Structures are given as structure tokens and as C-alpha cells.
Amino acid sequence: MRERFVIIGGGFGGLACARELGDTKHSVTVIDRRNHNLFQPLLYQVATAALSPADIAEPIRRTLGRYRNINMIMAEVIGIDAQSRQVLLDGNDRVDFDRLVIATGSEYNYFGKDGWRANAPGMKTIHEARQIRQRLLSSFEKAERAHDEQEKRNLLTYVVIGGGPTGVEMAGAISELGRFMINRDFRNIQLDQLKVILIEAGPRILAAFPEKLTEYARHYLEKIGVEVRTGEKVLDVTSEGVMVGFEFIRTGCIVWGAGVKASPAHRWLGLDAVPGGRIPVDRRLQVVGHRNIFALGDTANFTGTDGKPLPGLAQVAKQQGIYLGRLLKNQGADSAAFEFKNRGNTAVIGRNAAIFDFGNWTLKGRAAWFLWAFVHVYLLINFEKRILVSIQWIWRYLTRQRGARLIEEGSIGKIDESVPSVVYSVTGPGGDR
Ligand SMILES: Cc1cc2nc3c(=O)[nH]c(=O)nc-3n(C[C@H](O)[C@H](O)[C@H](O)COP(=O)(O)OP(=O)(O)OC[C@H]3O[C@@H](n4cnc5c(N)ncnc54)[C@H](O)[C@@H]3O)c2cc1C
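Residues numbered from 1 in each chain as written. Predicted model: local features only at pLDDT ≥ 70, side-chain atom pairs only at ≥ 80, totals over all residues. Heavy atoms only, no water.

**Here's the deal with the packing of helix α4 (residues 126–145) against helix α6 (residues 165–184)**
The N-to-C vectors of α4 and α6 enclose an angle of 35°; their axes lie 12 Å apart at closest approach. As for how α4 packs across α6, the hand of that crossing is right-handed. Facing α4, whose interface residues are Ile-132, Leu-136, Leu-137 and Phe-140, α6 presents Met-170, Ile-174, Leu-177, Gly-178, Met-181 and Ile-182. (Axes fitted to C-alpha atoms, helices over the stretch in contact; angles between N-to-C directions. Helix = DSSP H or I, 4+ residues; strand = E, 2+ residues; numbered from the N terminus. Left-handed = near helix turned anticlockwise from the far one by under 90°. Contact = heavy atoms within 4.5 Å.)

Here's what the structure looks like:
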């Protein structure tokens, strides 16, 4: 029987699912609010001028265009009418479905302080990464022109909030970028004026990793000039800086990496979300209480074999997308439960330094960094991106140059307030990305 499958979200999970359903007798519609699939693990490289946005984003139509049975709609989903089996879009449109897949991912969590978002962007979209890059590079230019020593120091102080993988990656990359630029390209600012502060409320950074890897990461960060502060809570964020305890830190740029929350999709179904705002699903990713609706990736709450929810990771979303695509293709004939195969958890700390946790064994240092680079290039969406990013990384490795150090005209000194103000709900373990 020919069925109408609708997939909300063209991210890691949604695309993997759609591809499995490509060139089948079924009709497939992918709906996404943006026209591109984004490789979020490398967003921090856009924010720190190592890569350009187009290196890590690919139009969804380009990826799916070869499958004649797949249609793409660029629209914001605002609700689901489960009774009449329709997805509600902005502009009063509706899309009918026989089976629906929700793969809407997650968003940064400001823990009720959404006003902080404009001053401390997270890294979920190209817009936010470019905004951080803009502020970062502008602050160096302003410091170069500043006459007052204290003003220079304030401009060259960078605060990263959240000691998870994203915060660690950002802090390391900002420090390395700053040191390189000050040593080589600037004349009126000195290395001792640069300060990168990583603030984590918990007792240690990279809490999802074994303690010995955390220690290694901390030492490495300190070696490259990052001040790591654990057990300290951010109390306020303003356009001037960050309040931590009784101290106000004036800063040139603030980056938010302190937590994510699932998309609001559970509200569309009138469900009580589990902690993290995630949609409860059964062993076959079927939404509890809805026979024809499935959820996967960051927005779904799937309990792993250890009794804990699977973390918000690309590998989870991708594996679930492939599993669900096959399940739907075979119309449930293959009813084995989804099983997550952990390929290892990783974080990059700086040039030549990364960590890997494979469960039974771990890896750190230069070997881990090469493995990290290999895995991330391999995971990019197509061959063209793999080649482009590989060439740039090799060039950068040899020269330490960063090719995307561009400040867009007319923006120096201005704070762009136009970060989308979408409001979502809470996170699951490992979901600090
Ligand atoms: C900075 C950063 C670094 C990361 N690094 C790593 C890493 O190194 N390794 C790793 O495994 N994971 C990493 N992650 C996590 C990983 O990116 C996510 O787990 C993964 O993207 C989840 O896939 P998904 O398909 O569930 O959602 P996503 O890939 O986020 O896709 C969701 C899609 O849904 C669309 N959407 C959402 N709401 C709507 C709506 N209302 N209407 C229409 N469309 C909508 C979005 O536009 C998006 O395209 C990182 C995340 C971030 C932010």
C-alpha cells in the first residue's frame, strides 16, 4: 500500500530517515523551517573563523532531490492535528499524513532567562555562529584602536558559559585564535591582555566523560591560556559582561553553551513531556499513545539498555533515522526494537588535543585529535564537503591560518539583536551541546 510519510525536521535524524525511504513506492514529505541541513558539530569552527558557513551546511533539496518520491517544504511547523492526521504549518497550511516522524531536534536552554540570549548567543544556527564570529573579531579590532589599557583588557576578555563539549571546544578555539592573531597580525595589543574564561556551574568540566579525561582537558586548556572556573554560577548576563557570584566580568564576547532543551513538539501532541522536554517513545520509536506518530533524535526520549535516556548526539539521531526509515519502508514487518550502538563520545580541546571515550577504553592527545578530524570529515554530508573541509584543515594545520576571518561591513561595534527568540523546553543527559 502506498503511504504518505511526513518527516518534520531535515537534521541528522530526519534526513537519515528520508534517505531510507527514497526511491520507494511511498510518498515522503520533509518539512523544515530552514532550507539546509547543518553539521552542528563543526559550528564552533564557523564561530572561530576556521570554516565558512557553506562548508558545513547543505541545501536539503540538493540532498534529497535525486529521490523522485520525496518532496520538501520549507515552513515552520506550528502544530499537529493527530485526530485528522494533519501537520499545521505557518501561513495556515496543512499537510496530510498516514505516518508522521517528528525529528525537530533541540535548542539552547537559558533556564528561564531568555533575555540573556541576545548577549550570549548559543551555537545552534549559522546565524548565531556568524554573530559570535562577528563579535569576536570586532572586539580584537576595537582593542587594537583602544587607548585605555583597561578597555583593551575588557575587550579582550572572552567568557564561555558551560563546560560541556561545546564550551570546551569554543574556549580552546578562541584562545588559539587570539594567540595566533595577536602574535602575528596585531601591533597594539599583547598576549597578556587576552583572557578566555570558561565557567561551569558543576564540579568539573566535561562531566559526561571519565574523570581522567576531564583532568587532561583542564590541563590542556590551562596550558593554552584558558582560565577554567568550576563550581561557579552565572547570575546575570548583560551587554557589558557577566555576573559571577559577586564579580562582574566585563567582556568583548560571551558564548552560551550551558544546556539544551528539546523542541516543543510534545506540546503539539498535548503530551506531558519527560524531564528534558522530550517526547516519550517506545522501543520502536513510536510516540506513547499515538499509533501513527514516531519521534527520534534529540526530541525523543528513548531509554537505553542502562535504563538512562540516550544522550542528544548526532550518532543517536542518525542511527534512529536509519532504523525508523527501514521500519516504515517494511511497514513494520521487521519489528525488532531499536538498539543504539555507541561509536564513542568525543570532544576536541585544541590543535592536536581531543578526547575519546569508547566505554571500555579511552584515547586522548594527538592521536585522538587525528581520529576526531577523520570522523568529522567522514560524517560530513557529501563527498564535496569532505574534500573541501579536508583541504582547509590540512592547510590550516600546516600554516595555522584561519581563512574565514571576515567582519561584515557596517557591523563593527554594533550588537545584532536579531537572534531568533524561539522558546523551547528542557534537556537529557549529554545534551549540553
Ligand atoms: C554546537 C554543537 C556541537 C555538537 N557536536 C556534536 C558532536 O561532536 N557529536 C555529536 O554526536 N553530536 C553533537 N552535537 C549534537 C547533534 O548535533 C545533535 O544531537 C543532532 O543534531 C540531533 O539530530 P536531530 O535530527 O534530532 O536534530 P537536528 O539535527 O537539530 O535537526 C532538527 C531539524 O528540525 C528543524 N525544525 C525544528 N523545529 C522545527 C519546526 N517547528 N518547523 C520546521 N522545522 C523545524 C530544524 O530546522 C532542524 O533542521 C552538537 C550540537 C551542537 C549544537
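**What about α4?**
Taking 1.5 Å of rise per residue, the 20 residues of α4 would be expected to cover 28 Å, and the 29 Å separating its terminal C-alpha atoms lies within 8% of that figure. Within α4, 15 of the 20 residues are buried, leaving the element largely enclosed by the surrounding structure. (Expected span 1.5 Å × (residues − 1). Buried < 20%, exposed > 50% of the residue type's maximum accessible area, 1.4 Å probe, protein only.)

**Digging into a nonpolar patch on the surface**
Taken together, the side chains of Phe-374, Tyr-378 and Leu-379 define a hydrophobic patch exposed on the protein surface, amounting to about 350 Å² of accessible area. Mapped onto the elements of the fold, Phe-374 is located in helix α10 (residues 366–379). The exposure class of Phe-374 is exposed, given its relative accessible area of 58%. (Patch = residues over 30% accessible without salt bridge, like charges linked within 9 Å, V, L, I, M, F, W, Y side chains within 5 Å. Areas by Shrake-Rupley, 256 points an atom, 1.4 Å probe, with all protein chains shown as cover. Salt bridge = Lys/Arg side-chain N within 4 Å of Asp/Glu carboxyl O.)

**Some words on the sheet that holds strand β15 (residues 241–244)**
Within the open sheet, the three strands sit side by side as β14-β15-β16. Their pairing is antiparallel. Each end of this open sheet is capped by a strand with a single partner; those strands are β14 (234–237) and β16 (247–250). Between one strand axis and the next, the sheet turns by 25° as a mean value, whatever way the strands run. In this sheet, β16 lies alongside β15 in antiparallel orientation, the contact comprising four bridges. Bridging across to β16, Gly-241 finds its partner in Arg-250. (Pairing = 2+ DSSP bridges.)

**Remarks on the pairing of strand β23 (residues 353–357)**
Counting buried residues along β23, five of its five residues qualify, which places the element largely inside the surrounding structure. In terms of strand pairing, strand β22 (residues 345–350) meets β23 through five bridges, oriented antiparallel. From the neighbouring strand, Thr-346 faces β23, where its bridge partner is Phe-356. In this antiparallel pair of consecutive strands, β22 and β23, the connection spans two residues, and Asn-352 shows a positive phi of 75°. Bridging between β23 and strand β24 (residues 362–365) involves four bridges; their strand directions are antiparallel. Bridged to Ala-354 within β24 is Gly-365. In this structure, the hairpin formed by β23 and β24 is closed by a connection of four residues, where Gly-359 is found at a positive phi of approximately 90°.

**Brief notes about the packing of α10 against helix α11 (residues 383–399)**
Running from N to C, α10 and α11 cross one another at 150°; their axes reach a closest spacing of 9 Å. Taken as axis vectors, α10 and α11 run roughly antiparallel relative to one another. Residue-level inspection shows Arg-366, Trp-369, Phe-370, Trp-372, Ala-373, His-376, Val-377 and Tyr-378 of α10 in contact with α11, the latter providing Arg-386, Val-389, Ser-390, Trp-393 and Tyr-397. (Parallel < 35°, antiparallel > 145°, perpendicular 65-115°, else oblique.)

**Some details on the sheet that holds strand β20 (residues 293–295)**
The sheet built from five strands is open, its strands ordered β5-β2-β1-β9-β20 with parallel pairing. For this open sheet the edge positions go to β5 (70–74) and β20, each flanked by a neighbour on one side alone. Taking each pair of neighbouring strands and ignoring which way they run, the sheet shows an average axis angle of 20°. Relative to β20, strand β9 (residues 99–102) runs parallel, the two being bridged by three bridges. Bridged to Leu-100 within β20 is Ile-293. Against the sheet, helix α1 (residues 12–21) touches β1 (4–8), β2 (27–32), β5 and β9, its axis set at about 160° to β1.

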